[in-house]
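# Summary of structural features
Each chain, written out:
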Amino acid sequence: MLILRCPNCGIDADETELAPGGEAHLRRVGPEASDDAFEGYLFHRENPRGVHFERWRHAAGCGKWFHAARCTQTLEVFGTYSAQVTDPPQDIRDAITARRPGWRWRDIE
Amino acid sequence: MSDPVTALGGMTADSFADIAEQPPRGMVLLRGDLSSAPVQRAAAEVAGVTVPAPNRFEGEMPALCWMAPDELLLLCDYDEAAAKVAALAEALQGVHHLALDVSDARAVFRVTGLDAREALAKLTPADMSPAAVPPGTFRRTRMAQVPAAIRALDDTAFEILCFRSVAQYMADLLISAAIPGSEVGYWQT
Ligand SMILES: [Zn+2]
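Residues numbered from 1 in each chain as written. Chains lettered and ligands numbered in written order. Predicted model: local features only at pLDDT ≥ 70, side-chain atom pairs only at ≥ 80, totals over all residues. Heavy atoms only, no water.

### Some thoughts on the overall build of chain B
On a plain count of helices and strands, chain B comes out with four helices and 11 strands. Dimensions of chain B along its principal axes, counting C-alpha atoms only, are 55 × 40 × 25 Å. Residues counted as buried form 48% of the 189 residues belonging to chain B. Considering only contacts in chain B between residues 6 or more positions apart, those separated by 24 or more positions represent 63%. About 8500 Å² of surface is accessible on chain B, with carbon and sulfur atoms providing 53% of the total. (Helix = DSSP H or I, 4+ residues; strand = E, 2+ residues; numbered from the N terminus. Buried < 20%, exposed > 50% of the residue type's maximum accessible area, 1.4 Å probe, protein only. Contact = heavy atoms within 4.5 Å. Areas by Shrake-Rupley, 256 points an atom, 1.4 Å probe, with all protein chains shown as cover.)

Written out as structure tokens, the structure is:
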């Protein structure tokens, strides 16, 4: 059972109250991008065993989107944060580093 | 003018908690920047109650319920809703907002009794303990398969708001969760 604290309303929401939104921090390329880069944006996703960043929506609650950083192996949640950022904030990175020294995700570390 | 009718004609059921569909309820949705003074002032003025903190409501009736960081739900008498919308539009002229009469969108049930909290706890993943859901709580969550909001009027009286289209489903859920003999006795001895 996964429980994430929605940063918009502060509620500890059960997974079944949430709707998954896939990988976080995708950046659209283009319109002048190469076909390879655009294919990467559309289809190529991380599938890590360990630290991962995701988008979630508090669908049956306040209805708002947010980001979550968690471990896919242990289901440990490092933290949740605003949807209105393009990279994980420093306090989230620090929380991950405290638990998983030397972690890396895409080009973020 | 036709008379407003509720989804289930005011159904009632006596289980270990009493379940009663409520008469037509006025509901006005207000979206806007809840941290801005004009929106706060307009909401409080038109509703006649203060703006609630997150996951809370203020006033039994009329009431303001906190739906989201940018959304309040005003509860009032059914035939007052249109006037409330007009009053909000007047008070918020020039301020970015949305005020809408959504009275017919939802169904309201009242679940009362010493074990009402336990019947609800069977249906939602939300922590329904008295500490987590004290009187004054407005908790949007899921009840079985559908979204719903739980309004804790006091420790033995709760209102359930759900979409009208799932009113029958909600009634069946509540009745089955409160079937006599299925009391859990976790909070109530
Ligand atoms: Zn939320």
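Back to the write-up after that little detour.
### Looking at the coordination of the zinc ion
Residues and elements named next belong to chain A. At 2.0 to 2.4 Å from the zinc ion lie its protein donor atoms, namely Cys-6 (SG), Cys-9 (SG), His-58 (ND1) and Cys-62 (SG). Expressed as a motif, the donor residue spacing for the zinc ion is C-x2-C-x48-H-x3-C. Of the two residues, Cys-9 sits in the loop between strand 1 (3–5) and strand 2 (12–14) while His-58 sits in the loop between strand 4 (51–57) and strand 5 (65–71), which places them 49 residues apart along the sequence. Exposure class is identical for Cys-9 and His-58. Each is buried. (Donors = N, O, S within 2.8 Å, 3.2 Å for Na, K, Ca; no water.)

### Side note on the interface of chain A and chain B
With 11 residues of chain A at the interface, the matching set in chain B holds 13 residues. The interface formed by chain A and chain B contains two salt bridges. The partner of Asp70(B) in a salt bridge is Lys64(A), with the nearest N and O atoms 2.9 Å apart. Put simply, chain A and chain B have seven residue pairs in polar contact (both at pLDDT 80 or more) between them. Class assignment for the residues of the side of chain A that touches chain B results in four nonpolar, three polar and four charged. (Salt bridge = Lys/Arg side-chain N within 4 Å of Asp/Glu carboxyl O. Polar contact = N/O pair within 3.5 Å; in protein donor to acceptor, adjacent residues only side chain to side chain. Nonpolar A, V, L, I, M, F, W, Y, C, P; charged D, E, K, R; others polar.)

### So, the domain arrangement of chain B
Residue and element names in this part refer to chain B. Assigned domains within chain B: domain 1 (12–23 + 105–177) and domain 2 (25–104). Taking the mean C-alpha position of each, domain 1 and domain 2 sit 23 Å from one another. Contacts between the two partners involve 18 residues from domain 1, matched on the other side by 17 residues from domain 2. Both faces combined, the contact of domain 1 with domain 2 buries some 1500 Å², and carbon together with sulfur accounts for 50% of it. For domain 1, the biggest contributors to the area lost against domain 2 are Arg-106, Phe-138 and Arg-151; these three give 41% of the whole. Between the two partners, domain 1 and domain 2, sit two salt bridges. Counting across the interface, domain 1 meets domain 2 through 10 residue pairs in polar contact (both at pLDDT 80 or more). Every element with two or more residues in the side of domain 1 that touches domain 2 is listed here: strand 8 (106–112), strand 9 (138–143), strand 10 (146–154) and strand 11 (157–163). Tallied by class, residues from the side of domain 1 that touches domain 2 come to nine nonpolar, three polar and six charged. (Domains from an automatic or database assignment. Buried area = accessible area lost by both parts, 1.4 Å probe.)

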